[in-house]
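Listed below are the residues making up each chain.
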Amino acid sequence: PVEHMLELMVGICLLNTLCIAIQFAVAREKPLERDADAPRESVCAPVVNVVKAVRGSPRLLYHLAAVQCFVWIGNTAWNIYGGQWFTASVFQGDQNA
């Protein structure tokens, strides 16, 4: 697999670029405009609104949040141990390679 690393990385970058181009071509965002008559909100209002929204969310949201958290913990461990493996296997542990 190491012999074709450049081709794989270029392919992944092209796939990411294609997906982002499709997203930019399809997605349209309507800018948020506040009413002129709306009352002023405090600085903490965005945080309070998020807490209110999460508090009334279904259990599935909490399940997805836990799964996402564990995925990133696993991803971090994979990167740490993968880096050690890559150093030992490819560079034979030579830090000046």
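Here's a quick rundown of the structure. Values in this document were obtained by computation on a predicted structure and should not be read as measured data.

1. Re the overall build of the chain
Then, number 1: Along the backbone of the chain there are three helices and zero strands.
Then, number 2: Reading the secondary structure of the chain in the N-to-C direction produces α-α-α.
Then, number 3: The C-alpha radius of gyration computed for the chain amounts to 23 Å, which surpasses the reference 13 Å derived for 97 residues by more than 25%, pointing to a less compact arrangement than a globule.
Then, number 4: Considering the chain as a whole, with its 97 residues, one finds that 1% of them fall into the buried category.
Then, number 5: For the chain, the accessible area works out to roughly 9,600 Å², and carbon and sulfur atoms hold 67% of it.
Then, number 6: Between the averaged position of the 7 positive side-chain charges in the chain and that of its 8 negative side-chain charges there is a distance of 17 Å.

Quick notes on the rules
- Residues numbered from 1 in each chain as written.
- Predicted model: local features only at pLDDT ≥ 70, side-chain atom pairs only at ≥ 80, totals over all residues.
- Heavy atoms only, no water.
- Helix = DSSP H or I, 4+ residues; strand = E, 2+ residues; numbered from the N terminus.
- Rg over C-alpha atoms; globule rule 2.2 N^0.38 Å.
- Buried < 20%, exposed > 50% of the residue type's maximum accessible area, 1.4 Å probe, protein only.
- Areas by Shrake-Rupley, 256 points an atom, 1.4 Å probe, with all protein chains shown as cover.
- Lys, Arg positive; Asp, Glu negative; His and termini not counted.
- Charge placed at Lys NZ, Arg CZ, Asp CG, Glu CD.

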